[in-house]
Amino acid sequence: MKLTPYLFGLSALFTLGAAAAETADPELLKKGEYLARAGDCVACHTAKGGQPFAGGLPMETPIGILYSTNITPDRESGIGAYSFEDFDLAVRHGIAKQGYTLYPAMPYPSYARVTEPDMRALYAYFMQGVAPVRQANKDSAIPWPLSMRLPLTFWRWAFAPAVKDFVPAGGQGAAPAKGQDPLLERGAYLVDGLGHCGACHTPRGIGMQEKALSASDGPDFLAGSAPLEGWIAKSLRGDHRTGIGSWSEAELVQFLRTGRTNRTAVFGGMSEVVVHSMQYMTDADLTAIARYLKSLPASNPGEPAYAYDDKVSKALYHGDDSKTGAALYVDNCAACHRTDGQGYVRVFPALAGNPVVNGDDATSLIHIVLKGDTLPATHQAPSTFTMPPFSWRLNDQQVADVVNFIRTSWGNQAPPVSAEQVGYLREELDVPALGQIPDPHTALAPQH
């Protein structure tokens, strides 16, 4: 075989590839970047302190630790050698280029809804708009036999929907059906598809599958999750006490863009969604998401609506802290959240009527009391506020007492928590014990 023509052919191929990159449609790359933001790809595929999209982020699952993969266009360690078909097979079908089924930590059951034109825009962006990074992928820390890939194929057949070329409204694809709100259709496309909101906010079944993938699948969709990594993803349905039934569409848009409203503040993993994804989305798309979420009925129609009760605030105003946990609240919480539980608008969130406070599972609230958290800065809310950890200052019973005080004051109605529950979460989070003063540099650092 003569090498000269072969080498000339390779040279021509690389020249053509470079030319294609130089002449890539800027609008297509811009669209792909926006869609990658909408899907929040960077949050999972970027390790703390690492290069964007280079992978290596540890992700806790019920069967062990997974590490996200390198999705930069590096040809050896990333996806630079992927054809569009390879890329599409992985993202929408859950099948790796090598032919095995991906772990469903990659939310391909949701991405199955993404349209082919949007997939092509994403592919163009990841191949030509992302800097290649040479970084080898890490093996998962999942014990055998749970690490076997073959059962995942059966899981995919059973629980991942067939890829359908969903046609969203709002100027992308065919017009909506007569009488149908185009914003609702667009919102469904973003929430159920690229946004993969159900991956966190929908309860999972015995096979660790989402119990519902869209509103048409029933009331489990976006009804809230079980604890994972010490957090609860709250209900996004129309329940007035534990969901978003009492929120207005405008409040939802404000929360998605800034991470804060008059009634709550973002925390945990949702902070990254706001910082990396939602704050970059258009007003039209955020409104579409909000309208779609507001269209979801309550999962528990019999749940009583929240109504403010001023008995506790009046008692504290007059110096009566006899209610269990009241003195602890005054000493540790009232300076920021106030004795009336109303907090300070868009700085320290209200506790009165807060859906997280009123949820049946208090894991997130206990987590924040023990470990603290940071309200991140966004473009429209550039200030950062941090709640310090109290694990070193309060013992398990005291944490339970103050949490129960919050969950039963100002009209809040939620079941009690025990010192044993607090102790279990303290151990899981590996936070400083009572009397162990934490390093202020790590204690006050953002927790997400």
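Looking at an unreviewed UniProt entry, the protein carries the name Cytochrome c, with the source organism given as Azotobacter chroococcum. Its UniProt record, at the heading Subcellular location (unreviewed entry), says of the protein: "Cell membrane".

Draft legend 1. Region of the structure containing the nonpolar core. Of all hydrophobic cores here, the largest spans 51 residues; its most connected members are Phe126 and Leu293. It is helix 6 (residues 116-128) that provides the largest number of residues to this core, a total of 7 residues. Once residues lying within four places of it in the same chain are set aside, the contact partners of Leu293 are Val191, Leu222, Leu236, Ile244 and Leu252. Counting residues in each nonpolar core, the second largest holds 29 residues, with Val369, Val399, Val402 and Phe405 among its members.

Draft legend 2. Structural context of helix 10 (residues 249-258). Summarising burial for helix 10: 7 of the 10 residues are buried, a large majority. For helix 10, the set of buried residues is Glu251, Leu252, Val253, Phe255, Leu256, Arg257 and Thr258. One or two residues past the end of helix 10 sits Gly259, with phi positive at roughly 80°.

Draft legend 3. Quick peek at the side chain of Asp285. With respect to the helices and strands, Asp285 occurs in helix 12 (residues 283-294). Within the structure, the side chain of Asp285 is placed 2.7 Å from the side chain of Tyr34, a separation counted as a polar contact. Residues contacting Asp285, with those up to four places away along its chain left out, are Tyr34, Arg186 and Leu190.

Draft legend 4. Region of interest: the pattern of salt bridges. Counted under the stated rule, the structure contains 17 salt bridges. Where Lys97 meets Asp86, a salt bridge forms, and the shortest distance between an N and an O atom there is 2.7 Å. Of the two residues, Lys97 is situated in the loop between helix 4 (84-93) and helix 5 (108-111) and Asp86 in helix 4; the sequence distance between them amounts to 11 residues. Close ionic contact of Lys311 with Asp309 constitutes a salt bridge, the shortest N to O distance being 3.3 Å. Since its relative accessible area comes to 60%, Lys311 is described here as exposed. The exposure class of Asp309 is partly exposed, given its relative accessible area of 27%. Here the salt bridges do not stand alone but share partners, grouping Asp74, Glu76 and Arg134 into one network.

Draft legend 5. How the structure looks around the packing of aromatic side chains. With the rule as written, the count across this model stands at 16 aromatic pairs. An angle of 80° between the planes, with centres 5.8 Å apart, marks the rings of Phe84 and Tyr123 as edge-to-face. Here Phe84, found in helix 4, pairs with Tyr123, found in helix 6; they are 39 residues apart in sequence, far enough to count as distant. Ring geometry for Tyr125 versus Phe126: centroids 5.4 Å apart, planes at 65°, classification edge-to-face. Each member of the pair, Tyr125 as well as Phe126, carries the same accessibility label: buried. Residue placement shows Lys97 over the ring face of Tyr82; its charged tip is 5.8 Å from the ring centre.

Draft legend 6. Expanded view of the packing of helix 10 against helix 12. Between helix 10 and helix 12, the shortest axis-to-axis distance is 9 Å and the interhelical angle comes to 125°. Taken together, the axis directions place helix 10 and helix 12 in an arrangement best described as oblique. Classified by chirality, the crossing of helix 12 by helix 10 is right-handed. Each of Glu249, Leu252, Val253, Leu256 and Arg257 in helix 10 lies in contact with helix 12, whose residues at this interface are Asp283, Leu286, Thr287, Ile289, Ala290, Arg291, Leu293 and Lys294. Of the residues in the contact of helix 10 with helix 12, the class split is 7 nonpolar, 1 polar and 5 charged.

Draft legend 7. Representation of the UniProt feature "binding site: heme c 1" (unreviewed entry) in the protein. On the UniProt side, "binding site: heme c 1" (unreviewed entry) is annotated at positions that read Cys41, Cys44 and His45 here. Tracing the backbone shows Cys44 in helix 3 (residues 41-44). By relative accessible area, which is 32% here, Cys44 ends up partly exposed. Not counting residues within four places of it along the chain, the set of residues in contact with Cys44 comprises Leu57, Met59 and Ser68. Assignment of secondary structure puts His45 in the loop between helix 3 and strand 1 (58-61). Residue class for His45 comes out buried when judged on its relative accessible area of 14%.

Draft legend 8. Quick peek at a nonpolar patch on the surface. A grouping of Leu150, Phe154 and Trp157 is seen on the molecular surface, where their side chains present a nonpolar patch of about 390 Å² in accessible area. Of note, Trp157 is situated in helix 7 (residues 150-159).

Criteria and cut-off values
Residues numbered from 1 in each chain as written. Predicted model: local features only at pLDDT ≥ 70, side-chain atom pairs only at ≥ 80, totals over all residues. Heavy atoms only, no water. UniProt positions renumbered as here; feature names shortened; annotations may be inferred. Core = buried A, V, L, I, M, F, W, Y, C linked by side-chain atoms within 4.5 Å. Buried < 20%, exposed > 50% of the residue type's maximum accessible area, 1.4 Å probe, protein only. Helix = DSSP H or I, 4+ residues; strand = E, 2+ residues; numbered from the N terminus. Contact = heavy atoms within 4.5 Å. Polar contact = N/O pair within 3.5 Å; in protein donor to acceptor, adjacent residues only side chain to side chain. Salt bridge = Lys/Arg side-chain N within 4 Å of Asp/Glu carboxyl O. Phe/Tyr/Trp six-rings, centres within 6.5 Å; stacked < 30°, edge-to-face > 60°. Lys NZ or Arg CZ within 6 Å of the ring centre and 35° of its normal. Axes fitted to C-alpha atoms, helices over the stretch in contact; angles between N-to-C directions. Parallel < 35°, antiparallel > 145°, perpendicular 65-115°, else oblique. Left-handed = near helix turned anticlockwise from the far one by under 90°. Nonpolar A, V, L, I, M, F, W, Y, C, P; charged D, E, K, R; others polar. Patch = residues over 30% accessible without salt bridge, like charges linked within 9 Å, V, L, I, M, F, W, Y side chains within 5 Å. Areas by Shrake-Rupley, 256 points an atom, 1.4 Å probe, with all protein chains shown as cover.

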